[in-house]
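Coordinate analysis (summary)
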Number of protein chains: 2
Amino acid sequence: MTEFELIARYFVRPVRERQGIGDDCALIDVGDRTLAITSDLLSENTHFFPDVDPASLGHKALAVNLSDLAAAGARPRCFLLSVSLPRADPDWLEAFSRGMFELAGREGCELVGGDTTRAPRVAGHPGPVTISVTAIGEVERSSLRGRGGARAGEDLWVSGELGDAALAVANGLGQVRLDEAFARACRHRMEWPQPRVALGMALRGLATAAIDISDGLLGDLAHVMERSGLGACVDARLVPRSDPMRGIERALQRRCVLAGGDDYELLFAAPPERREAIEAASLKCCIAITRIGTLTEEPGLRLVGDEQGIDATLRGFDHFAGAAQA
Amino acid sequence: MTEFELIARYFVRPVRERQGIGDDCALIDVGDRTLAITSDLLSENTHFFPDVDPASLGHKALAVNLSDLAAAGARPRCFLLSVSLPRADPDWLEAFSRGMFELAGREGCELVGGDTTRAPRVAGHPGPVTISVTAIGEVERSSLRGRGGARAGEDLWVSGELGDAALAVANGLGQVRLDEAFARACRHRMEWPQPRVALGMALRGLATAAIDISDGLLGDLAHVMERSGLGACVDARLVPRSDPMRGIERALQRRCVLAGGDDYELLFAAPPERREAIEAASLKCCIAITRIGTLTEEPGLRLVGDEQGIDATLRGFDHFAGAAQA
């Protein structure tokens, strides 16, 4: 059972609210306003290593939630933080809160609540750090978008460059040997993702559907295709990547760029007649974007400029895939 | 360092929002409406045992958050659930979601989002279950209340009966031997707390301050005293408890009733002239309430009808008290 099937089977129920589970954010109407709400949980050893810089962890715990708000085009407003910690270490807490509040201050998002609890020991070993953040933003009701609003013939765009965060993991696992400068750059991409909040807001009224790329480009594109009831054609050569990434061995490069995960860039759809307006929005907030393909009536995903076709290595990341069912 | 000092030192910053950290709920204004938002995290071995009935765990994870909304007088609206699980066990998930959705349905509160992640193994052992719930409700702007709105001379009230949940823990630890029927009743109180949502709403415009009793009566009363800048006088004999509790040995009984924790009853303050209206509100929603004391100009807490005075055994529960600082 995959993570997505697991969620669907037990937790998805019809809701009266505007938008529930299965999108980057829930959308709820409050009087004449609409709020976007999202919650992400980070676990030691699953999402970060025990020796992670706590400042980057504080940053990332908030960043991944702001990235969901960005997909919804929301302006961040406030967040709640719940942490389970094996001990109250002042140095760790100082760095963690500094990293978190730096990003929070930059994005105008205030910490308003949460919970702190002791992580229980496991068989005599310190329990793992677990961090749960819920972020709340405001969207414009006239320009709501989720994953399912796209139409056939629309362009597919992505922001930034993909794959460096995944390459940092491969480097850490010894699957590749990067030179020191590139390794540092990749690790920085992994640990300090920049949520595309300004771009998300600039695309209000322009993008018809959007998602943040956290599980890998093709995995997240599959969500947009499914929710919009469409297929897609992507030119693999156009998917943006850093210059040093182009020097990486072909198979690893395509896995990182097309299915790497942890990118926290935006993937969005928009009608071709809005290309100029979209490029202007990108320039206005100084975040590069690239047109990588098209949504199609014909179902399924076709990859152009890629000799191998789509195989298991390109499926989106899934915590529970292949998990013991017992 | 206690949990509360820890939170204060690193995470409390001034906020523009109406109410931030340090209360049961954050309050944020959205247009002409006000939302109450709260987040609580439950960890295996800290908040529940590995062999807990998953249905009661699903219930309790939501109930403790609805209890915070009740303190704020909010009408529950929706919630987000993030869970870290060692494996995807269908039986466990079925029972957990059933317990959660039963309460959610009863209180009109919809699951709209969240996150599911695999709990990492710790030194070869399955990682702990961690559950984080964020609940959102609507409050009436004309009757906002937090912990800090009470005045000297006002009555102190509590709902329900206190101490049974704490007695269940003492029984589990072998500190007392309860007869089977009472043990079962106490365990039920611990595992299936009933959030006082209806009472919380019925007290709109009547209670000047309220808190839900999760850390023990005196510990939570201390928060109200501190935030309201007042002292209090409580008649220990008046604090409501179940009949079988009255048969329990004196020292354990006072510890459970006055400082037991996990009660999820409401403690609230109100002017004496509202006594009749408050009793009518209690009858209307069929939740018993008891007047236990008074708020005073004179700082500090005085206990009447208790020969021992306040000692360390009566301090509120604190996950990090006495924790290793290293």
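Details of the structure are given in the entry above.
Residues numbered from 1 in each chain as written. Chains lettered and ligands numbered in written order. Predicted model: local features only at pLDDT ≥ 70, side-chain atom pairs only at ≥ 80, totals over all residues. Heavy atoms only, no water.

Here we look at the interface of chain B and chain A
Residue-level contacts link 75 residues of chain B with 76 residues of chain A. Summed over both partners, the interface of chain B with chain A buries about 6,600 Å², with 63% contributed by carbon and sulfur atoms. Connecting chain B to chain A are 2 salt bridges. For Glu110(B), the salt bridge goes to Arg16(A), with nearest N and O atoms at 3.7 Å. At the junction of chain B with chain A, the criterion picks out 14 residue pairs in polar contact (both at pLDDT 80 or more). Counting residues per element, the ones that place at least two in the side of chain B that touches chain A are α1 (3-11), β1 (26-30), β2 (33-43), β3 (75-85), α3 (90-107), β4 (110-118) and β5 (130-139) of chain B. Ranked by the residues each element gives to the side of chain B that touches chain A, the list is headed by β4(B), at 9 residues. Among the residues making up the side of chain B that touches chain A, the classes are represented as 37 nonpolar, 23 polar and 15 charged. (Contact = heavy atoms within 4.5 Å. Buried area = accessible area lost by both parts, 1.4 Å probe. Salt bridge = Lys/Arg side-chain N within 4 Å of Asp/Glu carboxyl O. Polar contact = N/O pair within 3.5 Å; in protein donor to acceptor, adjacent residues only side chain to side chain. Helix = DSSP H or I, 4+ residues; strand = E, 2+ residues; numbered from the N terminus. Nonpolar A, V, L, I, M, F, W, Y, C, P; charged D, E, K, R; others polar.)

Focus: the sheet that holds strand β6 (residues 155-159) of chain A
Residues and elements named next belong to chain A. With respect to topology, 6 strands assemble into an open sheet ordered β7-β9-β6-β10-β8-β11, the strand pairing being mixed. The strands lining the two open edges of the sheet, one partner per strand, are β7 (209-213) and β11 (301-304). Going from strand to strand, the sheet's axes swing by 25° on average, the running direction of each strand aside. As paired elements, strand β8 (residues 231-235) and β11 share 4 bridges and run parallel to each other. Within β11, the position partnered with Cys233 by the bridge is Arg302. Docked against the sheet, helix α2 (residues 54-72) engages β7 and β9 (265-270), running at close to 165° with respect to β7. (Pairing = 2+ DSSP bridges. Axes fitted to C-alpha atoms, helices over the stretch in contact; angles between N-to-C directions.)

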